[in-house]
Amino acid sequence: MYLMQVRNADDALLSKDFLRAQDELDACPVNERGMEWHIQNERIKATIPLQLAGAERPWFSRDGDRLISIGKMGTTEQRLARIWDLSTGQVVADMEHDSNLAILAVSDDEQFVAGGGIDGSLVVWSTQTRRKLWPARKIHQQRFDGLAFSPDGKWIATANWDRTVKVISTSNGEERFTLPPFEHRLRKIAFSPDGRWIAVGGFWADDGTAWIIDVEKQKVSTRFPGEDQQIPTFAPRGLQLATATRAGRIVVWDWDGKELTEAASWEADESESDELYSLEYSSDGTRLVSGGYSVRLWDVATRTELASLKVGGRVFWLSVNPKGDRIGFFTTGGIRLWNYGQQVEADVVHKMEGAVVATRFSASGRQIAAMAGESWASSLDESRDQQG
């Protein structure tokens, strides 16, 4: 059974399915794990260095060394906003809400964390004192699914399953305005970099669309064309937005304050068609990261895929490390970190004729003996041996 699990992990690595490979290795009994297990495990850790027992949208700190998330779903930890040290994978601070949390947002200056509860309540903590700015308030009738700070941190925009949008004061929790119910449940909400506009998108299961809201006039300015433009996100500079469809099409839009103009669009590779549930820009605006049943990194200018990671479950929330070397995403089992710049390729050391029925690593881990049919052959990765 052990050798079968190791072989399954190796097959998964060859197809770059790192999460399945990790699951296969984790299933191996601890007392049977040999050299081959440790070599494969190190290859996986180079790409997926951490798995955290967190939930929903993960937020990287500006220095990329910490991550903020909700605690483990379905436990008492779901009431917590947790701050993780990514060098150790340990929790360094907790902030508690009165009910289970559904979504978090962090202000641009990292002074505040807002938490939306599954009961529609809202709370804001100071990251300095780890205390609430004001008692939790019931803002919506149903669970939160969208939460965003204005660029100056003074306001919080909320989107909810009750189909309303609200803008709330960060300092005291007072309501600035509410927009009447939209056509669909709402899931994603985002401020423009200048704070003048809010983009809000419908819930993915409702085939809803997205809208742009004029903050000063407190009304909807325009509706995105089509019936399936969802999860809108603003680029970090200027007035460019991106939306995605569940069918895997990404659209980039230019917004001039009056009209939306489609600037570019592309679809996932037809051989790996992907429903999309999450979309975020990198901090410099040159890349987009999409989440479906895979996490994919795109170059905005060329509309090409730079890297991809098979996940096997829906990725509803993700975040890009400001350093530009990691992506954090939430899926079944918690939050995973992907070092997309260090994705390990599988090397062919030696090719044998016929089916390989057995393999053995040497004690050093640099030499492999393999049997094809009734013949044994020894293979050595000389370049690594010389380097070592």
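**Q** Help me out: how do you make sense of the pattern of salt bridges in this one?
**A** Charged atoms that come close allow side chains of opposite charge to pair. Per the stated rule, a full pass over the model turns up 12 salt bridges. With a closest N to O distance of 3.0 Å, D98 and K132 form a salt bridge. Of the two residues, D98 sits in the loop between β5 (90-96) and β6 (101-106) while K132 sits in the loop between β8 (121-126) and β9 (137-138), which places them 34 residues apart along the sequence. A relative accessible area of 48% means that D98 is categorised as partly exposed. Residue K132 is classed as partly exposed on the basis of its relative accessible area, which comes to 32%. A network of salt bridges, in which partner residues are shared, links R62, R66 and E110.

**Q** Teacher, can you tell me more about the pairing of β8 here?
**A** Each regular strand shows side chains that alternate between the opposite faces of the sheet. Burial analysis of β8 places 6 of its 6 residues in the buried class, the great majority of the element. Residues of β8 alternate between two faces, with S121, V123 and W125 on one and L122, V124 and S126 on the opposite face, all of them buried. Sheet analysis places strand β7 (residues 112-117) next to β8, joined by 5 bridges and oriented antiparallel. Residue G115 lies in a different strand from β8, and its bridge partner there is V123. In textbook terms, the turn of a hairpin is the stretch between consecutive antiparallel strands, and for β7 and β8 this stretch comprises 3 residues, one of which, G120, has a positive phi near 85°. Examined bridge by bridge, β8 and β9 share 2 bridges and lie antiparallel to one another. Across the sheet, residue S121 finds its bridge partner in β9, namely K138.

**Q** I keep staring at the nonpolar core and nothing clicks. Help me out?
**A** The nonpolar side chains of a soluble globular protein tend to be buried, and buried together. With 36 residues, the main nonpolar core has L67, L86, L104, L122, W125 and L147 as its most contacted residues. Setting aside residues up to four positions removed in sequence, L86 forms contacts with L50, L52, F60, G64, D65, R66, L67, R326 and L337. In this structure, L13, W37, A307 and V311 belong to the second largest nonpolar core, which totals 26 residues.

**Q** I would appreciate a short explanation of the packing of helix α2 (residues 18-26) against helix α3 (residues 35-47) in the present structure.
**A** The geometry of a pair of packed helices is captured by two quantities: the angle between their axes and the separation between those axes. Axis separation between α2 and α3 bottoms out at 10 Å; the angle between their running directions is 145°. Crossing hand, α2 versus α3: left-handed. Within the contact between the two elements, α2 uses F18, A21, Q22 and L25 and α3 uses W37, Q40, N41, I44, K45 and T47. Here the contact of α2 with α3 is built from residues that sort into 5 nonpolar, 4 polar and 1 charged.

**Q** Can you help me understand the sheet that holds strand β11 (residues 155-160) in this one?
**A** The strands that make up a sheet are held in pairs by hydrogen bonds between backbone atoms, and each pair lies either parallel or antiparallel. Taken in spatial order, the 4 strands line up as β10-β11-β12-β13 in an open sheet, and their pairing is antiparallel. Only two strands of the sheet have a single partner each, and these edge strands are β10 (144-149) and β13 (175-179). This sheet shows a mean twist of 15° between the axes of neighbouring strands, independent of strand direction. As paired strands, β11 and strand β12 (residues 165-169) are joined by 5 bridges and run antiparallel to one another. Residue I156 lies in a different strand from β12, and its bridge partner there is I168.

**Q** Honestly, the packing of helix α1 (residues 2-14) against α2 in this entry has me stumped. Any pointers?
**A** Closest axis-to-axis distance for the α1/α2 pair is 8 Å, and the angle between their directions is 170°. The angle between α1 and α2 places the two elements in the roughly antiparallel class. Only F18, R20, A21, E24 and L25 of α2 make contact with α1, whose side of the interface consists of Q5, N8, A9, D11, A12 and L13. Here the residues of the contact of α1 with α2 are counted per class, giving 6 nonpolar, 2 polar and 3 charged.

**Q** Which parts of the structure should I look at to understand the packing of aromatic side chains?
**A** Tallied over the full model, the rule gives 7 aromatic pairs. The interplanar angle of 65° and the centroid separation of 4.8 Å between the aromatic rings of F182 and W211 together place this pair among those described as edge-to-face. Of this pair, F182 sits in the loop between β13 and β14 (186-191) while W211 sits in strand β16 (residues 210-214); the two residues are 29 residues apart in sequence, bridging distant segments of the chain. Residues F182 and W211 agree in their burial class; the two are buried. Positioned over the ring face of W161 is R143, at 5.3 Å from the centre of the ring. Its end group placed over the ring of W317, R187 keeps NZ or CZ at 4.6 Å from the ring centre.

**Q** Teacher, can you tell me more about the side chain of E280 here?
**A** Checked against the element boundaries, E280 lands in strand β22 (residues 278-281). A distance of 3.2 Å separates polar atoms of two side chains, one belonging to E280 and the other to K188.

**Q** Explain α1 here, please?
**A** Along an α-helix, a turn takes 3.6 residues, which lines up residues three or four apart on a common side. Along its 13 residues, α1 runs 19 Å from first to last C-alpha, staying within 8% of the 18 Å computed at 1.5 Å per residue. Turning to α1, its buried residues are Y2, Q5, V6, A9, A12 and L13. The buried residues of α1 occupy an angular sector of 120° when projected down its axis, which confines them to one face. Considering only its buried residues, α1 is in contact with α2 and α3.

**Q** Is there a simple way to think about the pairing of β14 in this case?
**A** Burial analysis of β14 places 6 of its 6 residues in the buried class, the great majority of the element. The pairing of β14 with strand β15 (residues 197-202) spans 5 bridges and is classified as antiparallel. Across the sheet, K188 pairs through a bridge with G201, a residue of β15.

**Q** Sorry, what's going on with the sheet that holds β5 here?
**A** Reading across from one edge, β2-β3-β4-β5 is the order of the 4 strands in this open sheet, with antiparallel pairing throughout. The open sheet terminates on both sides in strands that have one partner only, identified here as β2 (55-60) and β5. Between one strand axis and the next, the sheet turns by 25° as a mean value, whatever way the strands run. Where strand β4 (residues 80-85) meets β5, 6 bridges bridge the pair, whose relative direction is antiparallel.

Criteria and cut-off values
Residues numbered from 1 in each chain as written. Predicted model: local features only at pLDDT ≥ 70, side-chain atom pairs only at ≥ 80, totals over all residues. Heavy atoms only, no water. Salt bridge = Lys/Arg side-chain N within 4 Å of Asp/Glu carboxyl O. Helix = DSSP H or I, 4+ residues; strand = E, 2+ residues; numbered from the N terminus. Buried < 20%, exposed > 50% of the residue type's maximum accessible area, 1.4 Å probe, protein only. Pairing = 2+ DSSP bridges. Core = buried A, V, L, I, M, F, W, Y, C linked by side-chain atoms within 4.5 Å. Contact = heavy atoms within 4.5 Å. Axes fitted to C-alpha atoms, helices over the stretch in contact; angles between N-to-C directions. Left-handed = near helix turned anticlockwise from the far one by under 90°. Nonpolar A, V, L, I, M, F, W, Y, C, P; charged D, E, K, R; others polar. Parallel < 35°, antiparallel > 145°, perpendicular 65-115°, else oblique. Phe/Tyr/Trp six-rings, centres within 6.5 Å; stacked < 30°, edge-to-face > 60°. Lys NZ or Arg CZ within 6 Å of the ring centre and 35° of its normal. Polar contact = N/O pair within 3.5 Å; in protein donor to acceptor, adjacent residues only side chain to side chain. Expected span 1.5 Å × (residues − 1). Arc of directions from axis to C-beta.

The values are spatial; any link to function lies outside them.
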